[in-house]
Every structure is written in C-alpha cells, then in structure tokens.
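Residue-level listing of the chains:
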Amino acid sequence: MSSSLDMLIFGAHPDDAEIGMGGTICKHTAAGYRVGICDLTYAEMSSNGTVEIRQQEANLASGALGLAERSNLGLPDRGLWINASNVAAVTQEIRKHKPRVVFAPYWEDRHPDHIACSKLVQEAVFNAKLRRYEPETEAHTVEALYFYFINDVYEADLLVDISGIHEQKMKALQAYRSQFETVGSHNDYVHTPLNQGYLERIVAKDHMLGQKRMVAFAEGFVTKVPYLIQQF
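Residues numbered from 1 in each chain as written. Predicted model: local features only at pLDDT ≥ 70, side-chain atom pairs only at ≥ 80, totals over all residues. Heavy atoms only, no water.

With that settled, the discussion passes to the overall build of the chain. The number of helices and strands found in the chain is seven helices and seven strands. In the chain, the order of α-helices and β-strands from amino to carboxyl end is β-α-β-α-β-α-β-α-β-β-α-α-α-β. By the compact-globule yardstick of 17 Å for 232 residues, the chain fits well, its C-alpha radius of gyration being 17 Å. Projecting the C-alpha coordinates of the chain onto the three principal axes gives extents of approximately 55 × 45 × 35 Å. Taken over 232 residues, the chain has a buried fraction of 50%. Look at the contacts in the chain between residues 6 or more apart in sequence, and 81% of them connect residues 24 or more apart. Looking at charge distribution, the chain has the averaged site of its 22 positive side-chain charges lying 5 Å from that of its 29 negative ones. (Helix = DSSP H or I, 4+ residues; strand = E, 2+ residues; numbered from the N terminus. Rg over C-alpha atoms; globule rule 2.2 N^0.38 Å. Buried < 20%, exposed > 50% of the residue type's maximum accessible area, 1.4 Å probe, protein only. Contact = heavy atoms within 4.5 Å. Lys, Arg positive; Asp, Glu negative; His and termini not counted. Charge placed at Lys NZ, Arg CZ, Asp CG, Glu CD.)

Further remarks concern the environment of Ala58. With respect to the element layout, Ala58 can be found in helix 2 (residues 51–65). When sequence neighbours within four positions are dropped, the list of residues in contact with Ala58 reads Pro14, Arg70 and Tyr176.

A rise of 1.5 Å per residue sets the reference length of helix 3 (residues 84–97), with its 14 residues, at 20 Å; its end C-alpha atoms lie 20 Å apart and thus fit the reference within 8%. If you check which residues of helix 3 are buried, you get Asn86, Val87, Ala88, Val90, Thr91, Glu93, Ile94, Arg95 and His97. On its buried face, helix 3 sits against strand 1 (7–11), strand 2 (35–39), strand 3 (69–72) and helix 4 (112–128). (Expected span 1.5 Å × (residues − 1).)

What follows concerns the sheet that holds strand 2. The mixed open sheet is built from seven strands, whose spatial order is 3-2-1-4-5-7-6. Edge positions in the sheet fall to strand 3 and strand 6 (158–161), since each has one partner strand and no second. Strand-to-strand, the axes of this sheet are offset by a mean angle of 25°, without reference to chain direction. Examined bridge by bridge, strand 2 and strand 3 share four bridges and lie parallel to one another. Within the sheet, the bridge partner assigned to Gly36 lies in strand 3 and is Glu69. (Pairing = 2+ DSSP bridges. Axes fitted to C-alpha atoms, helices over the stretch in contact; angles between N-to-C directions.)

Moving on, we get to the nonpolar core. Counting 34 residues, the largest nonpolar core has Ile9, Met21, Ile25, Phe103, Tyr148 and Phe180 as the members making the most contacts within it. Going through the elements one at a time, strand 1, helix 1 (16–30), strand 2, helix 2, strand 4 (101–105), strand 5 (144–148), helix 5 (166–174) and helix 7 (198–211) are the ones with two or more residues in this core. Once residues within four sequence positions are removed from consideration, Ile25 is found in contact with Ile9, Ala17, Val35, Ile37, Leu65 and Leu67. Core analysis: the second largest hydrophobic core is formed by 29 residues, Cys38, Leu75, Val90 and Tyr133 among them. (Core = buried A, V, L, I, M, F, W, Y, C linked by side-chain atoms within 4.5 Å.)

Tallied over the full model, the rule gives eight aromatic pairs. On the numbers, 4.2 Å between centres and 35° between planes, the contact of Tyr106 with Trp107 is tilted. Through a chain of ring-to-ring contacts, the aromatic side chains of Tyr106, Trp107, Phe147, Phe149 and Tyr154 assemble into a single cluster. Positioned above the aromatic ring of Trp107 is the side chain of Lys224, whose terminal nitrogen or guanidinium carbon lies 4.6 Å from the ring centre. (Phe/Tyr/Trp six-rings, centres within 6.5 Å; stacked < 30°, edge-to-face > 60°. Lys NZ or Arg CZ within 6 Å of the ring centre and 35° of its normal.)

Counted residue by residue, strand 5 has four buried out of five residues, so it is predominantly covered. Strand direction decides the pairing type here: strand 4 and strand 5, joined by five bridges, are parallel. Paired with Val102 across the bridge in strand 5 is Leu145. Read as a crossover between parallel neighbours, the route from strand 4 over helix 4 to strand 5 is right-handed. (Right-handed = clockwise from strand over helix to strand, strands pointing away.)

Function-wise, these values are silent; they only describe arrangement.
Spelled out as structure tokens, the structure:
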C-alpha cells in the first residue's frame with residue numbers, strides 16, 4: 001500500500017494534535033481517509049511522566065484516532081530552533097508521505113514550542129516543493145496548509161463540526177493519563193496547567209467554537225491564503 005497520506009498533522013509534542021484537532025482526525029479516518037501525525041519531539045522536558053510512558057500513551061491515542069501513520073522525529077524538546085537540520089527533517093517527512101493537506105499549530109500560543117513547530121512546518125512546506133532542495137528525494141507540493149489551535153483560540157477561518165464524534169476525541173486525549181490526570185506518587189508528580197482541569201477546558205473550547213455555527217462541538221482552523229471556489 002502506498003504510504004501517501006490525505007492529511008499529515010505536525011505537533012511539537014505527543015498530544016498537541018489530539019488537543020487541537022482530534023475530532024477532525026477521527027471524522028476523516030472514519031470516512032476512510034489516510035491520516036498521519038508527526039510529533040517533532042518526545043516531550044522529554046515534560047514535568048510529569050517519562051518518554052516511555054508518553055510513547056505508550058501516544059500509541060493508545062493513535063488507535064483511538066484510527067491513524068494510518070504516526071512518527072516522531074526525535075528533535076529536542078525546547079530546542080525546535082529554525083535551523084537547516086530541523087527544517088530538513090520536517091521537509092523529508094512531508095516528502096516521504098506526500099500528503100494532500102498539512103496541518104500545523106497556530107503561530108501564536110503560550111507554549112514557545114508550538115510557535116516554533118508552526119514556523120518549522122511553514123518553512124518545510126515551502127522547501128518540499130523545490131526540486132533543487134535536497135534533490136535526492138522527490139519534491140512534493142502540498143495542496144493546502146491549515147493551522148489548528150492548542151492552548152489559545154483566535155478567530156477561525158474554518159470550523160469543522162465534530163458533534164457526532166467528540167466523545168472519540170476525548171477518548172484519545174484520555175490516553176495521556178500522565179499529562180491530564182493526577183497520577184503518580186507525591187514525589188514524582190507536580191501540578192501543571194494540564195492536570196488542573198485542562199480536559200474540561202478543551203470541552204468548553206470546542207463547545208464555544210460550535211456555538212458560532214449552532215452545533216454542539218467544533219474545531220477551528222486558520223489559513224493564510226484565501227479560499228478558492230467556483231461558485232456560491
């Protein structure tokens with residue numbers, strides 16, 4: 001089977017894509033689309049859990065999402081600098097899977113790694129189409145690049161109704177027990193924004209976005225280029 005994907009979602013850490021667009025992912029995999037996630041780091045700087053636990057959780061979440069592919073580039077957590085090697089790594093992932101559509105975190109967020117991931121993906125989408133850039137691999141032009149929200153919500157250009165599949169999104173997120181639950185002993189567990197009602201805030205965010213078009217739950221996306229349609 002071809003490794004080409006309909007949608008490839010990039011996140012700085014395992015759980016970023018699930019937070020921002022887990023419902024959209026579930027909706028597309030249920031419809032038969034091939035969807036993949038590429039995590040840039042192993043989130044080794046996270047305050048709770050371990051890399052090994054986080055990978056186990058990511059595997060569980062991937063099953064709930066129905067992913068065709070999930071990869072991790074192993075770039076340094078809190079070290080997603082815009083440099084030649086990091087851009088090349090993301091570019092090669094795009095060329096490998098030849099996605100029709102790519103998603104990245106919105107370029108404004110309280111977490112610097114989410115901002116850096118957004119910038120890296122934008123650079124890589126551009127480089128992926130240049131036939132003289134690392135010509136040992138085939139150039140690939142992405143049809144569209146969309147941005148999803150993680151922590152902060154801005155004005156969306158596009159809403160996806162996820163009302164009928166929101167429960168599946170939350171099931172995928174609940175796989176990340178080390179991040180969202182108060183687990184572990186007193187000595188190896190610390191309070192973070194993620195384990196202080198964060199999942200409840202995701203539900204509220206999705207509900208708020210849905211209200212804009214009178215549906216129960218929605219996820220929002222932004223594009224930097226105008227939509228092109230043939231007629232209204």
